[in-house]
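If you want the building blocks of each chain, they are given just below.
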Amino acid sequence: MATERLILRRFRASDAPALAEYRSDPDVARYQSWDAPFALQKAEIAVRNFAASSPDAPGWFQYAIEHSTERRLIGDVGVRLHDNLKQAEIGFTLATAYQGKGLATEAVSAVLDRLFRLQGLHRVMGECDARNTRSAALMERLGFTREGLLRQQTFIKGEWTDDLLFGLLAPEWPARETP
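From a predicted model like this one, the values you see are computed outputs, not experimental measurements.

A. Local environment of the nonpolar core. Core analysis: the largest hydrophobic core is formed by 52 residues, its most contacted members being L8, L19, V77, I90, L112 and F144. Broken down by element, the residue count for this core peaks at 9 residues, all from helix 4 (residues 103-118). With residues up to four places along the chain from it excluded, the contact list for I90 reads V77, G78, V79, V108, V111, L112, V124, M125, G126 and F144.

B. Inspection of the sheet that holds strand 6 (residues 145-156) at higher detail. Strand order across the open sheet formed by 7 strands is 1-2-3-4-5-7-6, with mixed pairing between neighbours. Each end of this open sheet is capped by a strand with a single partner; those strands are strand 1 (6-9) and strand 6. Across the sheet, the mean angle separating the axes of adjacent strands is 25° when strand polarity is ignored. One ladder, built from 9 bridges, connects strand 2 (residues 59-67) with strand 3 (residues 72-81); its direction is antiparallel. Note that in strand 3 the partner of Q62 across the bridge is G78. Sitting on the sheet, helix 1 (residues 16-23) is in contact with strand 2, strand 3 and strand 4 (87-94), with an inclination near 85° to strand 3. Its contacts with the sheet place helix 5 (residues 133-141) against strand 4, strand 5 (123-129), strand 6 and strand 7 (159-169), and it is angled at close to 160° to strand 5.

C. Broad picture of helix 1. Summarising burial for helix 1: 6 of the 8 residues are buried, a large majority. Turning to helix 1, its buried residues number three or more, namely A16, A18, L19, A20, Y22 and R23. Buried residues belonging to helix 1 abut helix 2 (26-29), helix 3 (40-52), strand 2, strand 3 and strand 4.

D. The packing of helix 1 against helix 3, seen in detail. It is the contact of helix 1 with helix 3, at a shortest axis distance of 8 Å, that shows an interaxial angle of 120°. You can see that helix 1 and helix 3 cross each other, and the crossing is right-handed. Side by side, helix 1 and helix 3 meet where A16, P17, L19, A20 and R23 of the first sit next to L40, A43, E44, A46, V47 and F50 of the second. Among the residues making up the contact of helix 1 with helix 3, the classes are represented as 9 nonpolar, no polar and 2 charged.

What counts, and at which threshold
Residues numbered from 1 in each chain as written. Predicted model: local features only at pLDDT ≥ 70, side-chain atom pairs only at ≥ 80, totals over all residues. Heavy atoms only, no water. Core = buried A, V, L, I, M, F, W, Y, C linked by side-chain atoms within 4.5 Å. Buried < 20%, exposed > 50% of the residue type's maximum accessible area, 1.4 Å probe, protein only. Helix = DSSP H or I, 4+ residues; strand = E, 2+ residues; numbered from the N terminus. Contact = heavy atoms within 4.5 Å. Pairing = 2+ DSSP bridges. Axes fitted to C-alpha atoms, helices over the stretch in contact; angles between N-to-C directions. Left-handed = near helix turned anticlockwise from the far one by under 90°. Nonpolar A, V, L, I, M, F, W, Y, C, P; charged D, E, K, R; others polar.

Rendered as structure tokens:
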């Protein structure tokens, strides 16, 4: 799947060093489930697992975000497709150097377009640490509705965190071309 500046594709073995690099950035890992540094060996295993999954089967699928001009892996979009194939959860990660340029919005928008238009999903939800204002703002820009706050929901990295819940229904997805 391609956008103006990105290629969203299946992960390849050659992506492991770049995955380890951006996931090792403490600013990238701050609100994520993994710890920095993210070892190359761990990235190699992750990439193998990502490549073996299917975007059309229940469970997690990670789209690699490749910058089309630089031909470089710069992030990923994860989708957990529900067993009923009508709902999903979405998450996203972008290397620090590529943040603030609209690239995450472009990537997530393309994935949402696929989920709603091609796969016929009814609902996509997102969840983020309440302190992660940039992720929350991205979801709101894409039309997600903030549906709730789960107080001290997650114990991660030695602390209890509040989580924000967002939802987007198929009829709310804009009828527009992917950016």
